[in-house]
Amino acid sequence: MAFSDIAFKALQDCVGQDNVTDDPVLCQSYSRVQWLPSGVMQRENCGLNMRPACVVMPESVEEVQQVVKIANRYGFPFIPRGSGFTFQAFPTQGGTVVIDPKRMDSIIELNEKDMYAVIEPYVSFAGLQAEAMRYGLYTPTPLAGSQVSCLANYSWHGAYGNSWITGIGAQNLLGFELVLPDGTLVRSGSTACPESGWFWNDGPGPDLRGFLRGGMFGHAGGIGIVTKISCKLWPFSGPEVFPAEGNGNLKFSGSLGDLWRWYMIKFPFKYPEEEELELKKSAELFYEMGKAEIGEVATHLAQQFLLTYSSVTKQDLHDNMNNDVFPSGFCVVALSGKTSMAQLDYEEKVLEAIVEKVGGIFVEEDEPAYQTWIKRAANEWIRFGNAQRLARPSDNFSIGSSNVDSIDKIVYEILESNEIGRQLHKEEGLGEDFVQPLSLHGGWISPQEYGYWCLHTTDVFPEQDPKQCNQAIEIIGRVAMSQFQRKSASAVIHLLGPAYDMLGEAFGNIHLIMKDIKREFDPNNISNPPYATRPDVLSPEELQKMMGGH
């Protein structure tokens, strides 16, 4: 599609000359992703198709509607962008306009009594967190970092350090305001009823939150632009101001007050030889905690997460690896006395009984693992100012595998994914030069909502080199194909964008349903094509090309 001078002038008339640009340098800054190998490859191949034709910054929902109507009038595609952390946020074809809502950055309402907030797209988790803590509330903060857009994260997916109680973004999203691809405004939840407020996600009619989602992840701007949401806030037993000392990389939070206690738990198994036993016992621990309904944080962190998130510098990371500070994965648990000290003491006694029952061992405070993680990083799983550390090994990382299922099935998925990676490393040399041992062992077990279900990821760390990045993509693809073949629940995670056309037949022809939705609400196919899917079925030639000729 072509982007014309007259279309550019129309956008200027809509948002003002200072709020739209086609400067190639500025536009190029919107043309790469921050964390996947494809971002590294894009630097190597800076194709014009990945550079937007222009960037426009509306200030209100009315201006967003006007921009979308201009796109329909002049026939150019647009992509709504949050903080630009994911690979769906940059163009894949020429003539695309990026809509950056950074001027829409207000906390419209913070309701202390009903524990929710109404926010615009550029309110960060850090901004909302700081305001909520003044009222004894807080919001879960994603491992992507507190700098990301709260609205985009909740609309998209969201995985948090304290998902043990909060669940992912879908469980925290309440009402929303959405500009459809034709410029029509839709409101969901209680806000759909005049004068009813933003407090609830249900009614009237169907729960439209599913309209924003695709598989597990969001529609990536393929069904329009979310301009406001209301989201849950949670009781916080810590201080009004998050306690931290130091600056930059040397900023640490030592304590959240008397009503918080952190624990590290290990199991007496050889690692990595007996990794399976360690992971299964971790799952048993979480199941028992879920039955007792205790805890604020409960998660299992592999070496890769423990080493990266606790590192202050690259040298510090490699020193901790060489010194074997984290000789295996560990379970990390936080208890919080939201009602009283008596509650906290009670939960601690229950946790002690559970750990003894499952054969776990509390890590002593003077052990290097405790000193490095609890003293340096634990509280950051509430604030998350150190998310950039995950990419520290090579300034780049990629999720090697991911899934949502029961806790015990997640353990199986981690073991299977890592075994595939090790086999490829041994038999084909793939990943030979990745940062090791971070890329071949362990995984993040993140039980959700008291263990009702669970999420996992494993990561790989290639250097910023095209050869290594291609190897990372190959490993990820092999793991994904294995998941499809064994009919893993993780396959639904891949149902996004073009993948609908490749995989939809195996999932009740969901690709045909998504095409109907896309055609109905985006007849001109201009809202971040090809998300949520392409309106037309792919030809065999296109499908073959997308799958790399395999």
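Thresholds applied
- Residues numbered from 1 in each chain as written.
- Predicted model: local features only at pLDDT ≥ 70, side-chain atom pairs only at ≥ 80, totals over all residues.
- Heavy atoms only, no water.
- Domains from an automatic or database assignment.
- Buried < 20%, exposed > 50% of the residue type's maximum accessible area, 1.4 Å probe, protein only.
- Helix = DSSP H or I, 4+ residues; strand = E, 2+ residues; numbered from the N terminus.
- Pairing = 2+ DSSP bridges.
- Expected span 1.5 Å × (residues − 1).
- Contact = heavy atoms within 4.5 Å.
- Polar contact = N/O pair within 3.5 Å; in protein donor to acceptor, adjacent residues only side chain to side chain.
- Disulfide = S-S within 2.5 Å.
- Phe/Tyr/Trp six-rings, centres within 6.5 Å; stacked < 30°, edge-to-face > 60°.
- Salt bridge = Lys/Arg side-chain N within 4 Å of Asp/Glu carboxyl O.
- Axes fitted to C-alpha atoms, helices over the stretch in contact; angles between N-to-C directions.
- Parallel < 35°, antiparallel > 145°, perpendicular 65-115°, else oblique.
- Left-handed = near helix turned anticlockwise from the far one by under 90°.
- Arc of directions from axis to C-beta.

## Looking at the domain arrangement of the protein
- Each assigned domain of the protein is listed here: domain 1 (5–99), domain 2 (107–235), domain 3 (260–493) and domain 4 (495–547).
- A straight line from the C-alpha centre of domain 3 to that of domain 4 covers 34 Å.

## Quick look at the pairing of strand β8 (residues 173–179)
- Counted residue by residue, β8 has 7 buried out of 7 residues, so it is predominantly covered.
- Note that β8 and strand β12 (residues 225–232) share 5 bridges and pair antiparallel. Within β12, the residue paired with Leu178 across the bridge is Val226.
- Pairing of β8 with strand β9 (residues 185–188), which is carried by 4 bridges, proceeds in the antiparallel orientation.

## Things to note about helix α4 (residues 61–74)
- Given a rise of 1.5 Å per residue, 14 residues ought to cover 20 Å, and the 20 Å separating the end C-alpha atoms of α4 matches this to within 8%.
- When we look at burial in α4, the residues that qualify are Val61, Glu63, Val64, Gln65, Val67, Val68, Ile70 and Ala71.
- Trailing α4 by a residue or two, Gly75 shows a phi angle of about 75 degrees, which is positive.

## Describing the sheet that holds strand β2 (residues 54–56)
- Reading across the sheet, the 4 strands line up as β1-β2-β4-β3 and stay open at both edges, with mixed pairing between neighbours. Of all strands in the sheet, those bounded by a partner on one side alone are β1 (20–21) and β3 (78–80).
- Both β2 and strand β4 (residues 97–99) contribute to a ladder of 3 bridges, which runs parallel. By the bridge assignment, Val56 is partnered in β4 with Ile99.

## A word on the environment of Gln303
- If you trace the backbone, Gln303 turns up in helix α10 (residues 303–309).
- Distance in space between the C-alpha atoms of Gln303 and Lys270 is 14 Å, their sequence separation being 33 residues.
- Contacts of Gln303, omitting those with residues within four sequence positions, involve Tyr271, Asp324, Phe326, Pro327, Ser328, Gly329, Pro437 and Leu438.
- A distance of 3.0 Å separates a polar side-chain atom of Gln303 from the backbone oxygen of Phe326.

## A short note on the state of the cysteines
- One pass over the structure, following the stated rule, counts 0 disulfides.
- We note that Cys27 lacks a disulfide partner, and the nearest cysteine sulfur, in Cys54, lies 6.5 Å from it.
- With relative accessibility at 1%, the residue Cys27 sits in the buried group.
- In this structure Cys231 is a free cysteine whose sulfur lies 4.4 Å from that of Cys150, the closest cysteine sulfur available.

## Considering the packing of aromatic side chains
- Across all of its chains, the model carries 16 aromatic pairs by this definition.
- Ring centres of Trp260 and Trp262 lie 6.2 Å apart, and the angle between their planes is 25 degrees; this geometry places the pair in the stacked category.
- Aromatic ring contacts, followed pair by pair, group Phe305, Tyr309, Trp373, Trp381 and Trp444 into a single cluster.

## Quick word on the pattern of salt bridges
- On inspection of all chains with the given rule, the structure shows 25 salt bridges.
- Two residues, Lys281 and Glu284, come together in a salt bridge whose shortest N-O distance is 3.2 Å. Taken together, the residues Lys281 and Glu284, both in helix α9 (residues 275–292) and 3 residues apart, mark about one turn of the helix.
- Here Lys281 falls in the partly exposed class, since its relative accessible area comes to 25%.
- Of the charged contacts in the structure, one is a salt bridge between Arg376 and Asp316, with a shortest N-O distance of 2.6 Å. Taken together, the residues span a long stretch of sequence, with Arg376 in the loop between α13 (368–373) and α14 (380–383) and Asp316 in helix α11 (residues 314–322) at a distance of 60 residues.
- By relative accessible area, which is 14% here, Asp316 ends up buried.

## Quick notes on the packing of helix α1 (residues 5–15) against α4
- Here α1 crosses α4 at 165 degrees, and the two axes come no closer than 10 Å. On the basis of their axis angle, the class for α1 and α4 is roughly antiparallel. Judged by the twist between their axes, the crossing of α1 over α4 is right-handed. Here α1 contributes Ile6, Ala7, Ala10, Leu11, Cys14 and Val15 to the contact with α4, which in turn contributes Glu63, Gln66, Val67, Ile70 and Tyr74.

## Some words on α11
- Looking at α11, one finds that the buried residues are Asp316, Leu317, Asn320 and Met321. Down the axis of α11, the buried set is contained in an arc of 135 degrees. They therefore lie on one face. Counted as exposed and oriented over 90 degrees from the buried face of α11: Gln315 and Asn322.
- Of the surrounding secondary structure, the elements contacted by the buried residues of α11 are α10 and α13.
- Directly after α11, the chain includes Asp324, whose backbone phi takes a positive value near 55 degrees.

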